[in-house]
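# Notes for the structure review
Chain by chain, the residues run as shown.
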Amino acid sequence: MRTRLEATDIFRQLAEGMGQSGTPHFYAALVERLAAILSVEHVLVAAVAEQGTANTLAVWSNGALQDNFTYSLSGTPCETVMGREFCLYDCDVQLRFPEDSLLQTLGADSYMGLPLYAVDGSPIGLLAVLKNAPMQIDDLSSEILRIAAAQAGAELGRHQAEEALKESEEVARESERRLNTLLNHLPGMAYRCLNDANWTMQLVSQGAEALTGYRSDELQNNRLTSFADLIHPDDQQQLLKEVQLAIVSRRPYRAVYRLRHRDASYRWMWEQGQAILDEAGEVLCLEGFISDVTDQQESQRVQNAVVQVASTVTTRVGDDYFQQLIATLVEVLEADAGLIALLHTSPQGVEHVMGQATTVSMVVEGRQLDPQSFALKGSTCEQVVLEREAVVHDGPPLPVQGTSMQARAWIGRRLDNANGEAIGVMIVYYRQPLTTNAFATSVLQILSTGASAELERRRDHRHMHQLAYTDSTTGLPNRIRFMELLGRMWNEAQQAAHPLCLLLLDIRRFKEVNDLYGHHVGDQLLVTVADRLQQATPEGGLLARLSGDEFAMLVVGTEKSALSMIVQQLRSAVNRPIQLDRRLFHLDISIGFGCYPKDVNEAGELFNAASIALHHAKRRENNTCPYTQTMRHALQRRQLMSERLSAAITEHRLELYYQPQVDLISGRITGAEALCRWHDAEWGWVSPGEFIPLAEERGLIRPLGDWVLEESARQLVAWRTHRQTALPGRLSINISAQQFADPQLTAHIAQLTAGVPTSAIALELTESDFMRDPDQAIEITHTMREAGYSLSIDDFGTGYSSLSYLRRFAADALKIDISFVREMLDNHHDRTIVQTIIAMAKALEMKTVAEGVETREQARLLADMGCNQAQGYWFGRPLPADEFAAVWLSSA
């Protein structure tokens, strides 16, 4: 299962991939990003044609974009995708679709596809991901694919809408050509008239009635009305001028004008004719053809309006897109107001709509208004949402939402997402009644596709932004958002010269809750804690959740010395018992804090300071710690020490010292222990108690341990070769828990100590390290015993090991910890423990070695108790190799 932080990074990557929306690289960027996010080998996006074929728009396969191609859907898993929400074949997809050659070419074993929908809900394409191994789709992957499919569908729908617009322009041009042919050969109304003021008709074809509503005989000789009286007053002079100019120029005339129909409506006419002249050049009459071109004129008018709007908003994005869109629409449609609103609900039944809407753009009488929210019930948006398209030609005066304007007419279009669900509305308003709505309705219908896609893209972007910047469990800002806000609030504090304090809070032992009761209960506790902390956040402050059980709080205008009250309130808020599912939980928190400008000068330093303070707070009894410069110096020393230690290991600047181990009865040397020493050029001698734990913490203990093994083997060989004297007994070498976790440790040690017999080496591991994984320890110790190594359990008595495990470990000796030896003369409890360890070792047939023997009395008591061997200052301090050899090997 992915973590929330991975989820946060995934959605950010997806958002970056979709940032190519509207560009030629969108599909290529989308398939590449999906392949990376979902860890699949193949991703493709395709448009589906009616004849059952798919045309790929982008194909990502085996780490690279491939050329697009066309393939038949028949017999493929893609065929099963269309019309379904999604289709998953988690394995053996080639066996299920043996006729699909593409699956064989790609080597796919699993397949998941989602259809891409147009605005009207019809499938127009598909998104498919294929993997060369079985596929498992979790909730996060499913959400990613749905968002990607919705955006790809919107992009494809928008592209197809643009293509449809281009095709409609081609159709219009073709229609005009055909119309010219028809007008020349099949006139709607053929006529012969005089060139007088009334255009007195002498001959009229039968098409006159369909054209004007008047029979031909009613128009002839101006019997019922003259033709000139039917021409729109605004067009009469222009028509007269065109005809007379054509007569003078001896050419045909053509004109488009409005003609009043018998039903009182005006329709557009297209007329072509010419003058008939006598021998003297005088006009006898005019002959020509007239056709009704109202539909063509309206279509051209709609196209011109759409082009005008599109050219205005094509480069706009986000809110600016909607503001320019509605402003241009109001101008083109000669409306008085208009709005685009985002819905926060969906229809409930068919009779009413519940919920609210928020305007994303609103223009009233030429002014852009600020966004506002309003109830859908009773608004003009309600009817639009329910009916998809609504027109009111002349109704009672209705206030336009949030303004004083009264509208008598309005036209609205619902905006749907790729699944056909209502997500918004687009409406224009008129002060005066409408006589026709065909033009405005057509323009809104065409532009609603692009507006819907942009509105859905905006909503998806906000959703992804919320996923990327908001903690999904508590609803608080997450780490990414918090760091942005920290920078902003620090800038404000710097400019206003007021304090800014950062508190980091960690719920103590919260992992135990998750382990015992599950993450569901843990999440419920987090929500409760977040609510309590939010209530305790001072005014103007900010609370965020940074990780699993870590919260951050910014406090503005409070001095560091005054934070104790806030800290107490936060602790009290969390300490109150929390009851969940009949269980009562008692939680506590650790709090570390730092302040600007008292502690640090930069925003990034403020976070680091609070982190350092929290680290120290976890080690204190009261679990609270303010930041001090001493903490930073200590942390800097540890970091610097880590770097220097790494270099010292690599450059072999460490040194081994050797401490003798002696027999308590004879006093003779029985072996030695190799002890690592480090002399730094600047710091001098660095205590092993400081750099050994640091090496374990920073991942340096393995290379350090390898160096110790190699150097120990080299020294054993050198003593035997140059001094002709081998070390009596064995050389004890400490092994860390991290080294001991390697199942191949025995073979690894043999490789590092090649040239030295296994009988010369004893390996030491602490009791607590043995018990980290007892079963593995048993297996490794037996492997070491079989290889010939001796094994000692170091610091025995300070950890916990049961007798059942102890007798199964293939250990040869128990080393009694120095803490018991040091006090055993004066403390009968320690003496009893030492005696018990010695007795236990004898029962298990193991030797005992006492550490830290510093006095004759300690050595005598240990010998009386039956302890076999000992080491410590009483017998000899650790010495460099040459000094050790001079003192101990020459007399060994």
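In short, a report on the structure.

Definitions and cut-offs
- Residues numbered from 1 in each chain as written.
- Predicted model: local features only at pLDDT ≥ 70, side-chain atom pairs only at ≥ 80, totals over all residues.
- Heavy atoms only, no water.
- Helix = DSSP H or I, 4+ residues; strand = E, 2+ residues; numbered from the N terminus.
- Buried < 20%, exposed > 50% of the residue type's maximum accessible area, 1.4 Å probe, protein only.
- Contact = heavy atoms within 4.5 Å.
- Areas by Shrake-Rupley, 256 points an atom, 1.4 Å probe, with all protein chains shown as cover.
- Pairing = 2+ DSSP bridges.
- Phe/Tyr/Trp six-rings, centres within 6.5 Å; stacked < 30°, edge-to-face > 60°.
- Lys NZ or Arg CZ within 6 Å of the ring centre and 35° of its normal.
- Axes fitted to C-alpha atoms, helices over the stretch in contact; angles between N-to-C directions.
- Expected span 1.5 Å × (residues − 1).
- Arc of directions from axis to C-beta.
- Polar contact = N/O pair within 3.5 Å; in protein donor to acceptor, adjacent residues only side chain to side chain.
- Core = buried A, V, L, I, M, F, W, Y, C linked by side-chain atoms within 4.5 Å.
- Disulfide = S-S within 2.5 Å.

A word on the overall build of the protein chain. Across its full length, the protein chain carries 31 helices and 38 strands. The proportion of buried residues among the 892 residues of the protein chain is 48%. Taking the intrachain contacts of the protein chain between residues at least 6 apart in sequence as the baseline, contacts between residues at least 24 apart amount to 60%. By element, 48% of the accessible surface of the protein chain is carried by carbon and sulfur atoms, the whole surface being about 43,000 Å².

When a strand is regular, its side chains alternate between the sheet's two faces. Residues of strand β23 (residues 542–545) alternate between two faces, with Leu 542 and Ala 544 on one and Leu 543 and Arg 545 on the opposite face, all of them buried. Pairing between β23 and strand β24 (residues 550–556): four bridges, direction antiparallel. Across the sheet, the residue bridging to Leu 542 is Leu 554, located in β24. Taking the residues between adjacent antiparallel strands as the criterion, β23 and β24 are bridged by four residues.

Centre-to-centre distance and the angle between the planes together describe a pair of aromatic rings. Scanning the model with the defined rule gives twelve aromatic pairs in all. Measuring from centroid to centroid gives 6.4 Å for Tyr 89 and Tyr 111, while their planes differ by 50°, and the two rings are tilted. Of this pair, Tyr 89 sits in strand β5 (residues 87–89) while Tyr 111 sits in strand β6 (residues 110–117); the two residues are 22 residues apart in sequence, bridging distant segments of the chain. For the ring pair Trp 490 and Tyr 596, a centre distance of 5.7 Å and an interplane angle of 65° mean the geometry is edge-to-face. You can see Trp 490 sitting in helix α15 (residues 479–496) and its partner Tyr 596 sitting in strand β27 (residues 589–596), a full 106 residues away along the chain. Owing to a relative accessible area of 8%, Trp 490 belongs among the buried residues under this scheme. For Tyr 596, a relative accessible area of 11% corresponds to the buried category. Through a chain of ring-to-ring contacts, the aromatic side chains of Tyr 89, Phe 97 and Tyr 111 assemble into a single cluster. The positively charged end of Arg 877 is found above the aromatic ring belonging to Tyr 873, 3.8 Å away from the centroid.

Taken together, five strands build an open sheet; the order of strands is β23-β24-β22-β27-β28 and the sheet is mixed. Both edges of this open sheet fall to β23 and β28 (624–626), since each of them pairs with a single strand only. Neighbouring strand axes in the sheet, compared pairwise and without regard to direction, differ in orientation by 15° on average. The sheet contact formed by β27 and β28 spans three bridges and is parallel.

The terminal C-alpha atoms of helix α29 (residues 828–843) lie 22 Å apart, and with 16 residues this matches the ideal 22 Å at 1.5 Å per residue to within 8%. When α29 is considered as a whole, its buried residues turn out to be Asp 830, Val 834, Ile 837, Ile 838 and Ala 841. For α29, the arc enclosing every buried residue in end-on projection is 95°, short of the 170-degree limit, so these residues lie on one face. Projecting away from the buried face of α29 at angles above 90 degrees are the exposed residues His 829, Lys 842 and Ala 843. Elements in contact with the buried residues of α29: β34 (790–796), β35 (813–816), α28 (818–823), β36 (847–850) and α30 (856–865). Two to three positions downstream of the cap, the backbone nitrogen of His 829 sits 2.8 Å from a side-chain oxygen, assigning the N-cap of α29 to Asn 827. Directly after α29, the chain includes Glu 845, whose backbone phi takes a positive value near 60°.

Ranked by size, the top nonpolar core spans 74 residues in total, and within it Leu 763 and Phe 884 carry the most contacts. For this core, the element with the most residues is helix α22 (residues 701–722), which contributes eight residues. Among the nonpolar cores identified, the runner-up in size contains 31 residues, and Leu 505, Val 529, Leu 533 and Val 567 belong to it.

Per the counting criterion, the structure on display carries one disulfide. Between the sulfur of Cys 501 and that of Cys 595 lies a disulfide, 2.2 Å long from S to S. When the S-S torsion is 110°, as for the bridge of Cys 501 with Cys 595, the disulfide is right-handed. Highlighted residues: Cys 501 in strand β22 (residues 500–507) and Cys 595 in strand β27, separated in sequence by 94 residues. On the accessibility criterion, Cys 595 (1% relative accessible area) is buried. The thiol sulfur of Cys 87 is not disulfide-bonded, and the nearest other cysteine sulfur, from Cys 78, lies at 9.0 Å. Owing to a relative accessible area of 1%, Cys 87 belongs among the buried residues under this scheme.

What follows covers α30. Three- or four-residue spacings in an α-helix give side chains the same orientation, since the helix completes a turn every 3.6 residues. Buried within α30 we find Gln 858, Ala 859, Leu 862 and Met 865. Taken end-on, α30 shows its buried residues confined to a sector of 125°, consistent with a single buried face. In the stretch just after α30, Gly 866 is the one whose phi turns positive, near 105°.

So, about the sheet that holds strand β8 (residues 189–193). Backbone hydrogen bonds are what pair the strands of a sheet, in a parallel or an antiparallel way. One open sheet holds the five strands; their spatial order is β9-β8-β12-β11-β10, and the pairing between them is antiparallel. Two strands bound the open sheet, and with one partner strand each, they are β9 (201–204) and β10 (253–260). Sheet twist, expressed as the average angle between the axes of neighbouring strands with direction ignored, equals 30°. When β8 meets strand β12 (residues 283–292), the two strands line up antiparallel, connected through five bridges. Bridge pairing in β12 places Cys 193 opposite Leu 286.

Everything listed here is a matter of coordinates, which is why it stays silent on function.
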